[in-house]
Structures are given as C-alpha cells and as structure tokens.
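Single-letter residue listing:
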Amino acid sequence: MERIPILRIGDYLLATIQVDMHDQLALQLQEDLTSAIERHTSKGVLIDISALEMVDSFIGRMISDISNMGRILDARTVLVGMQPAVAITLVELGLSLQGVATALNVDRGMAMLRAAPTDE
Amino acid sequence: MDQIAGGESPLRSQHDIVMARQTVRRLSQEMGFSLVDQTKMVTAASELARNTLIYGGGGIMHWQTLKNVSKKGLRLIFSDQGPGIPNIELALTDGWTSGGGLGLGLSGARRLVNEFEIESSATTGTKVTIVRWG
Amino acid sequence: MASSTIMASALRKHQKKILGEWVQTLHDDASDSKKARISPQELNAQAEEFLQLLTAVVSSGNPEDSHSAQFKALQDFLEGLSRSRVQQGFSSAETATFIFSFKKPLFAALRTEAGSNADELAQEIWTATKLLDDLGLTTVNTYQRAREEVINRQQQEMLELSTPVVKLWEGILGLPMIGTLDSARTQIVMESLLHKIVETGSEIAIIDITGVPTVDTLVAQHLLKTVTAIRLMGADCIISGVRPQIAQTIVHLGVDLQGVTTKANLADALALALKRTGATLTR
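Throughout what follows, the structure given in this document is the object of discussion. Predicted model only: the values in this text are computed from it and were never measured.

Moving on: the layout of surface pockets. Quantified by volume, the largest pocket comes out at close to 1200 Å³. Along the wall of the largest pocket there are 34 residues; nearest its centre are Asp37(B), Gly134(B), Asn152(C), Gln156(C) and Ala184(C). When residues of the lining of the largest pocket are traced back to their parent elements, those giving at least two are helix H2 (35-54) and strand S5 (125-133) of chain B together with helix H8 (118-162) and helix H9 (183-200) of chain C. A class-by-class count of the residues in the lining of the largest pocket yields nine nonpolar, twelve polar and 13 charged. Volume-wise, the second largest pocket comes out at about 570 Å³. Among the secondary structure elements, those contributing two or more residues to the lining of the second largest pocket are strand S5 (101-103) and helix H4 (106-115) of chain A together with helix H10 (217-233) of chain C.

Next up, the structure:
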C-alpha cells in the first residue's frame, strides 16, 4: 500500500508530502509518524508541505493532531514550506492551525528544532 | 450567461474525492483563474466532496464551465441522497467543532466561493451548488 | 408575418435616404468633444453596417427570432460598438442614441411604404419600436458591463502600484500601507507580500499602517488574516505605525491580535526585527 515515506535524520524525523493525499493516506501518515516518534524517541518532526497545492480541513486537522500527539510524546513538530495560495485559502477557510510551529523551509525548520529547549 | 461545457464525477470513494479535486483544478486552470482562486475552488470542492461521501453516503459532483460576457466561471453541484442536514442555518454558522456538531465546515467553504446555495431535506438528500468567477 | 415585410422593403428601398438622414442626425447631435473622439468616416461605416445587419434580420424568415444567425450577427456588432464607445469615453446615453436616433428616419420610410393604411403603419411602427428598444437596451447593458471591466482593471493596476513591498534588510521585508484598506486591496497586498516572503526567504515582515487613516473591525480583520497567513508560511509579522487611537480602537473592538507585536513607528519595528534575526547594531 502506498505510504508517505518518513526519513530519519538523527534525533529528528522528516516527512515530505508530495502527493494529493486521500484521507486514508493522511491517517496512515499520522499513525506512522507517531509510532516512529515512539520507536526512535525522536525529539522532533518536520512535515514538509512545500509541494502541496491544497490543504483542506481534513489535512489541516491531521497536521494539528500530529503536532498534539507528538507533544505528548515529547517531540516538537514543525510544519514547513506552506505555499502562499494555500496559506491564504486556509485562513479564509477559518483554520489557523494554532499550536503548530511553522518554518519557511526544511533548513529553517531543522534549525528551529535543534535550537529549541525540550519544553515549550 | 452561457454554459460552455459540463460533466460529472462520481463521489463514492476516497479516491473519487482526489479525482474530483484534480478535475476541479484542471477546470479552474482552463477558466484562467488566478492561482489563489484555483486553490480556493479546489479546497471548497474537497470539503464538499468529502461531506457528500461521508455524511451523504456517496453521491455525485456535476460541473459546468460558464461564460458571462468576458468573465469565465465554474459551477459545481454536489448532490447525494443521504439523510439531509437537519438544521441548515446552524450548519452554516458552525465551523469545525472538536466534538459533537456536524462539523461540516459549510461556512468555511462558503467563504471560498462567490455563490453558494444549499438545499437539503431528509427525503431529497442534500444538494450544494457553488460558483466561482475568475 | 405580413407586417414585417413592409419594414423589410422600407429598409431596402429607402436605404440610402434612411442612412443619409440618420447619419446627418448623428453628426448634428454630436457635441464637439464627441466629434473629436470618433471620426465621421468611422461613424458612417458603423451606421452602414448596422443598417445592413438590421435589414438582414428583418428580411429573414423570422425577424423576432433572437437566436437566429442574423440576430446574433447584429448583437455581436452592437456589443463591439458598445465596447469601443467605452474605450472612446462616451457615456451610455450617447451610445444608446446611436440606435434610438435611427427611429425617426425609419418611421418616415415606413410611412411612405405603408401608404394610407393606418392600421398596418401602426403595427409596423410598434414592431420597429420594440426591436430598436431591445437593441438599445442591450447596447446599454453591454456598455455598463464593459465599463465595469475597465474600472476593475484600472483599480487592480492602481492597487499593484500603490502597495510596494520593500526589502528593509536581509530577511526583513517592509510593507508601507497607504490609504484605505478594503477587501480587494488587502487581498492583492497579502498575495504580493506572501510571494515576496517566499522569494526572498524573509522571516519577518513589517506592515506599517502609519498611512492608514482609520482602523475599523473590517480593517483589523484583514490585518489579522494577513498576519495569520504569514505565520502559517513560517514567517512572522510586526505591525508598526500603531497610533494610540488605533490601539484604543483595536481594544474596544475586542479584536485579538493574537500576540502580534505592534510598534508605534517603523524605526522601532525595524530595531526589533533586527534583534530577532540576530543582527547587532553598533555605532
């Protein structure tokens, strides 16, 4: 079954979403990430959506959930690379994804994770 | 106002929702919408398609490309034979509630388009029509 | 329909006369400014084409059929005419006059053709009036729509010119907002700023509202949307130029700026931004 690949970079995980996801795939990613955090006791997760041309409420909620679940497992999540059109649409839709840290790109996101103290 | 072309896309599975998004993206591009307008339309379609599938038990999306003097537009109609929405007024004001409530996000989708109409009853199911002009 | 054949033959037989009288009226009515905007040759050519197309419609099998090829040709011609009138700066009344002034010479020709038959003449004049009124209204409608398009396009261009995004420093963008913040303006501004953020990889955007006269709920909401979008993308925002009155308004309106830093002036905002991006200032 197709799955979004998760890359492990030391204490951190990177998931790059490059396909138009159906709901099941998104839920699978959520599951895979949380079990990977646990398995590797990762300190942080980067979700790269620079290739996503659309984020709807389902995907938005999935991202929020990953962030919340990660926090419970003591890992910080950073969402990187949201495209302008997607940001504008999400705001209009009424989703602000509060509580989810964001960064312009993977490099900045990684720097953010490395610099952050373990508690927020 | 003239209709240029029309078609339909089934909404019976999750893959259908992805197909519907791609169809709407292609049509929006053909109608010359700006990137932001394309994204808004695709996102609205995704929301409504999901509602049709999950809440409506499956249905269909009809699309029509429109022309009004020099403006081009896209109309999408999402219909199902599901249980209908008991309180449309309420559904139009609530967003995504964390628990309880329908959380259909209709008010959000409405903000993404220029025209929005909804008909719903227990006997006829639900029909949502949206139009976006480029 | 027997009656329209009278109009058809009137148009054919008296074409030159009708055209001559009509064009004369158009010239006489034209004010000097109008004359300057459209040449007599162009006006004549348009009048001739209209007459030909109208004759085709009236002589066709069913002149009342608004979907016939001839009618469509006539409508297309009038649509083009309306649009060019908009470009040339005519008013909608002046544009409609083109059609309405056609009535007089037409009715004169009809009278000649109908002879002494008052009933037929009355019927014919009614048919002609209906047809010309419809065409006149269509022309006005097209004119209005074309005008709106021109206005919209001009507004767009003005907006783009008046909201420049500037690079204040490495990683810091500035957006001086001047004038009123309406919905259309804010959208263009938002998009432009967001794209620049991605292009330059800037982490901080300073939105300066010194030049914005009033901040009401709508303006505050627009600002908030912009700030939210910037944050979703991974950058941050400082709002500068917040005068005490504006701060009061925002509090009174109960708008939650959600932890967005505000500064009274651009200089303070820049100093803060520099600090945040890790730059140090030495003199």
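Time to look at the packing of aromatic side chains. Scanning all chains against the criterion turns up five aromatic pairs over all chains. Through a chain of ring-to-ring contacts, the aromatic side chains of Trp22(C), Phe50(C), Phe98(C) and Phe102(C) assemble into a single cluster. Lying across the ring of Trp133(B), Lys71(B) places its NZ or CZ 5.1 Å from the centre. Sitting over the face of the ring of Phe90(C), Arg85(C) holds its NZ or CZ atom 5.3 Å from the ring centroid.

Next up on the list: the interface of chain A and chain C. Residue-level contacts link 15 residues of chain A with 18 residues of chain C. Together, Pro84(A), Val91(A) and Leu104(A) form the three largest contributors to the area buried by chain A at its contact with chain C, with a combined 38%. The partner of Glu92(A) in a salt bridge is Lys225(C), with the nearest N and O atoms 3.2 Å apart. Seen at the junction of chain A and chain C, the total is five residue pairs in polar contact (both at pLDDT 80 or more). When residues of the side of chain A that touches chain C are traced back to their parent elements, those giving at least two are helix H3 (84-93) and S5 of chain A. When residues of the side of chain A that touches chain C are assigned to their parent elements, the largest contribution, six residues, is made by H3(A). Per-class residue counts for the side of chain A that touches chain C are ten nonpolar, three polar and two charged.

Reading guide: rules and limits
- Residues numbered from 1 in each chain as written.
- Chains lettered and ligands numbered in written order.
- Predicted model: local features only at pLDDT ≥ 70, side-chain atom pairs only at ≥ 80, totals over all residues.
- Heavy atoms only, no water.
- 1 Å grid on protein atoms, 1.4 Å probe; cavity = no way out; pocket = protein on both sides within 12 Å on 5 of 7 lines; lining within 4 Å.
- Points joined across faces, edges and corners; volume = space filled by probe spheres on them.
- Helix = DSSP H or I, 4+ residues; strand = E, 2+ residues; numbered from the N terminus.
- Nonpolar A, V, L, I, M, F, W, Y, C, P; charged D, E, K, R; others polar.
- Phe/Tyr/Trp six-rings, centres within 6.5 Å; stacked < 30°, edge-to-face > 60°.
- Lys NZ or Arg CZ within 6 Å of the ring centre and 35° of its normal.
- Contact = heavy atoms within 4.5 Å.
- Buried area = accessible area lost by both parts, 1.4 Å probe.
- Salt bridge = Lys/Arg side-chain N within 4 Å of Asp/Glu carboxyl O.
- Polar contact = N/O pair within 3.5 Å; in protein donor to acceptor, adjacent residues only side chain to side chain.

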